[in-house]
Amino acid sequence: MQNGMHTDRERCVRAVRSKDARFDGWFFTAVLTTGIYCRPSCPAVPPKPENMVFRPSAAACQQAGFRACKRCRPDTSPGSPEWNLRADLVARAMRLIADGVVDREGVPGLAARLGYSTRQIERQLVGELGAGPLALARAQRAQTARLLIETTGLSMADVAFAAGFASVRTFNDTVREVFALAPSALRAGVPRKNAPAHPATPGTLALRLPFRAPLNPDNLFGHLAATGVPGVEEWRDGAFRRTLRLPYGHGVVALTPNADHIGCRLTLSDLRDLTVAISRCRRMLDLDADPVAVDEQLRTDPLLAPLVDKAPGRRVPRTVDEAEFAVRAVLGQQVSTAAARTHAARLVTAHGDPVDDPEGGLTHLFPSPEALAELDPGSLAMPRTRRATFTTLVRELAAGTLRLGAESDWPAARAKLLALPGFGPWTTDVIAMRALGDPDAFLPTDLGIRRAAQELGLPSTPAALTARAAAWRPWRAYAVQYLWATDSHPINFLPV
């Protein structure tokens, strides 16, 4: 898929006429005669081509005065895969906006995290997306508000607060402008059988997370469950559950794979963290990926094609906390999955913040880098060299001299990691793949990858395999999932 698809008018018209859901989130169709905007797969009769204009974002449509279609609900499309594929300034800004940075820190805070001036950020976002950071954040607040109005029994004042609006009046005005309905009318339009109710547990919300089909849940949930840290993560009643460290408080999430969506049950200590929690869960499950584009590319290799055809739609299992994953990657160096979980569980018990979980067995948040930087290195049951790797990493993370969050520059973060003692290509690339979210990260030295390559007839030496994998770019991280899946390890199977 090419950057700026909305500029390819002929292609956009074809997508709208065929109601192709693959393009939902890539662009939006604004209809001049009705003043509404739609997703490409809108079930309504397509307008005449001369009445269509195409915009790269919902925010751009809203800024131009178009309101959201009540039938196809374009504001609930999966996010554009572009922001997970790219590592440039606009992509990093979009990841930060999705993480709620503009709501918490304003545009100056966004610019400071990215190392650019507010004017540069504004110019780049408007140039590519037709809307600046404030308009993009406003569109996100409107989407969160609609979600809460229609799926919870919260009062409108609580909805406004949770969605990030500064006042109830601003909330009311925005909802009317974006959806052409008052908040109360939006709630009244929900079918009675789906009407929201007050949850039994305060602060608990049940949501549906959309994705582009196909999605194979086996390795995605299998990996998260098999490597889960006791007290922080668990598989219970068909759902992956874990604790979340969030800007205003903490949360517990239960994520359940379904045929057409991921069920998401969130319990939050502060409802202002809702948007951030959703964004991080979507990122962990790689829900904004474009599986059709990924699989088409990987199928061009005749030795990979059978693996893709057998179980298409594999996602890369990622993380809700990049610093946590980096720490766990070091704990897992040269030890089994079980041993890595044991090491992590000890740290959690000794240094994690306790949480209540009346619905399950979760007990703690994973320790912050600041807490880990203060521990006695002698208390770590690991070789001296790995202890040095661990303490150097947590010190850099705690000081902010190593950034692995949504704002991170992937090449710079890789270089910084490789410069740390004990960080070789494998550890750096697994962090790039699962924490930074680089879709092209590759692990040619991984034992499981080399074994799978040998069995399939692919080159098994790192250099030769890397040369062969050039044809899989920019999706080598997904090729890793298909290759890993040839093994009988528990990470490859949906827990029962």
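Just so we're clear, the structure is a prediction, and the values are computed from it rather than from any experiment.

J.: I'm lost on the pattern of salt bridges in this one. Help?
T.: In this structure the tally under the stated criterion is 37 salt bridges. With a closest N to O distance of 3.0 Å, Arg 414 and Asp 438 form a salt bridge. Of this pair, Arg 414 sits in helix 19 (residues 410-418) while Asp 438 is found in the loop between helix 20 (425-436) and helix 21 (447-456), placing the two residues 24 residues apart along the sequence. Among the charged side chains, a network of salt bridges with common partners joins Arg 73, Asp 75, Arg 146 and Glu 150.

J.: Looking at this model, I keep getting lost on the pairing of strand 1 (residues 28-31). Mind explaining?
T.: For a regular strand, side-chain orientation follows a simple rule: the groups alternate between the two sheet faces. Neither face of strand 1 is exposed, since Phe 28 and Ala 30 on one face and Thr 29 and Val 31 on the opposite face are all buried. With 4 bridges connecting them, strand 1 and strand 3 (residues 52-55) associate as antiparallel partners. Counterpart to Val 31 in the pairing with strand 3 is Met 52. Pairing of strand 1 with strand 2 (residues 36-38), which is carried by 3 bridges, proceeds in the antiparallel orientation. Paired with Thr 29 across the two strands is Cys 38, which belongs to strand 2.

J.: Help me understand empty space enclosed by the protein, please; the structure alone is not making it clear to me.
T.: The rolling of a water-molecule-sized probe over the atoms marks out the regions of remaining empty space. Evaluation of the coordinates by the stated rule reveals 3 cavities of 30 Å³ or more. Approximately 90 Å³ is the volume found for the largest cavity. If you go around the largest cavity, the residues you meet are Arg 242, Thr 243, Leu 244, Arg 245, Leu 246, Arg 280, Val 320, Asp 321, Glu 324, Leu 365 and Phe 366. The dominant element in the lining of the largest cavity, judged by the number of residues it contributes, is strand 7 (residues 239-245), at 4 residues. Looking at the lining of the largest cavity residue by residue, the class counts come to 5 nonpolar, 1 polar and 5 charged. In this structure, the second largest cavity spans a volume of roughly 70 Å³. Around the second largest cavity sit Leu 224, Thr 227, Glu 233, Arg 242, Met 284, Arg 318, Thr 319, Val 320, Glu 324, Phe 325, Arg 328 and Arg 434, which together line it. Here the element with the most residues in the lining of the second largest cavity is helix 15 (residues 322-331); it accounts for 3 residues.

J.: Quick question: what am I supposed to make of the sheet that holds strand 1 here?
T.: Taken together, the 4 strands give an open sheet; going across it, the order is 3-1-2-4, and neighbouring strands pair in mixed fashion. Each end of this open sheet is capped by a strand with a single partner; those strands are strand 3 and strand 4 (67-68). Along the sheet face, helix 1 (residues 9-17) touches strand 1 and strand 3 and points at about 105 degrees away from the line of strand 3.

J.: Would you explain the pairing of strand 7 in this entry?
T.: Taken across its 7 residues, strand 7 has 6 buried, putting it largely inside the fold. Here 4 bridges tie strand 6 (residues 233-236) to strand 7, and the two strands are oriented antiparallel to one another. Of the residues in strand 7, the one forming a bridge with Trp 235 is Phe 240. Hairpin connection between strand 6 and strand 7: a loop of 2 residues separates the two successive antiparallel strands, and Asp 237 in this loop has a positive phi of roughly 55 degrees. In the sheet, strand 7 pairs with strand 8 (residues 250-257) via 6 bridges, with the strands oriented antiparallel. Paired with Leu 244 across the bridge in strand 8 is Gly 251.

J.: Could you clarify how one ought to interpret the UniProt feature "domain: HTH araC/xylS-type" (unreviewed entry) in the protein chain in this entry?
T.: UniProt's entry tags residues 91-189 with the feature "domain: HTH araC/xylS-type" (unreviewed entry), counted in the numbering of this structure. Span residues 91-189 is 80% helix and 0% strand, its end C-alpha atoms 35 Å apart.

J.: Help me understand the sheet that holds strand 6 in this model?
T.: Consider a sheet: its strands pair through backbone hydrogen bonds, and that pairing is either parallel or antiparallel. Spatial ordering of the open sheet is given by 5-9-8-7-6, a layout of 5 strands whose pairing is antiparallel. Here the strands that pair on one side only, and so sit at the sheet edges, are strand 5 (204-209) and strand 6. For this sheet, the mean inter-axis angle between neighbouring strands, taken without regard to orientation, is 20 degrees. Sheet analysis places strand 5 next to strand 9 (residues 262-268), joined by 6 bridges and oriented antiparallel. Bridge pairing links Leu 207 to Cys 264 in strand 9. Together, strand 5, strand 7, strand 8 and strand 9 form the strand contacts of helix 12 (residues 274-284), whose direction differs from that of strand 5 by roughly 40 degrees.

J.: Please clarify how the side chain of Glu 324 should be interpreted in this entry.
T.: If you trace the backbone, Glu 324 turns up in helix 15. Polar side-chain contacts of Glu 324 include one of 2.7 Å to the side chain of Arg 328. When sequence neighbours within four positions are dropped, the list of residues in contact with Glu 324 reads Arg 242 and Phe 366.

J.: What should I look at first to understand the nonpolar core in this one?
T.: Generally speaking, a soluble globular protein has its nonpolar side chains buried in company with each other. Leu 298, Phe 390, Ile 431 and Trp 472 are the most contacted members of the largest nonpolar core, which has 60 residues in total. When neighbours within four sequence positions are excluded, Phe 390 is seen to be in contact with Val 327, Val 330, Leu 331, Leu 347, Leu 372, Leu 375, Leu 380 and Met 382. By size, the runner-up hydrophobic cluster in this structure holds 50 residues, among which are Tyr 37, Leu 215, Phe 240 and Leu 244.

J.: Honestly, helix 5 (residues 101-114) in this entry has me stumped. Any pointers?
T.: Between its first and last C-alpha atoms helix 5 spans 11 Å; for 14 residues at 1.5 Å apiece the expected length is 20 Å, and the helix comes up short by more than 12%. The sharpest bend along helix 5 measures roughly 85 degrees and falls at Val 107, with the proline Pro 108 sitting one to four residues further on.

J.: Help me out: how do you make sense of unusual backbone geometry in this one?
T.: Excluding glycine, residues mostly have negative phi values, and the peptide bonds linking residues are mostly trans. A cis geometry characterises the amide bond from Ala 213 onward to Pro 214, with omega recorded as 0 degrees. Assignment of secondary structure puts Pro 214 in the loop between strand 5 and helix 11 (217-226). Omega for the bond connecting Arg 473 with Pro 474 falls within 30 degrees of zero, at 5 degrees, which places this linkage in the cis form. The residue Pro 474 is located in the loop between helix 22 (462-469) and helix 23 (476-484) in this model. Notably, Gln 334 is not glycine yet its phi reads approximately 60 degrees, a positive angle. With respect to the helices, strands and loops of the structure, Gln 334 is situated in the loop between helix 15 and helix 16 (337-351).

How each quantity is defined
- Residues numbered from 1 in each chain as written.
- Predicted model: local features only at pLDDT ≥ 70, side-chain atom pairs only at ≥ 80, totals over all residues.
- Heavy atoms only, no water.
- Salt bridge = Lys/Arg side-chain N within 4 Å of Asp/Glu carboxyl O.
- Helix = DSSP H or I, 4+ residues; strand = E, 2+ residues; numbered from the N terminus.
- Buried < 20%, exposed > 50% of the residue type's maximum accessible area, 1.4 Å probe, protein only.
- Pairing = 2+ DSSP bridges.
- 1 Å grid on protein atoms, 1.4 Å probe; cavity = no way out; pocket = protein on both sides within 12 Å on 5 of 7 lines; lining within 4 Å.
- Points joined across faces, edges and corners; volume = space filled by probe spheres on them.
- Nonpolar A, V, L, I, M, F, W, Y, C, P; charged D, E, K, R; others polar.
- Contact = heavy atoms within 4.5 Å.
- Axes fitted to C-alpha atoms, helices over the stretch in contact; angles between N-to-C directions.
- UniProt positions renumbered as here; feature names shortened; annotations may be inferred.
- Polar contact = N/O pair within 3.5 Å; in protein donor to acceptor, adjacent residues only side chain to side chain.
- Core = buried A, V, L, I, M, F, W, Y, C linked by side-chain atoms within 4.5 Å.
- Expected span 1.5 Å × (residues − 1).
- Bend = angle between axes of the 7 residues up to and from the residue.

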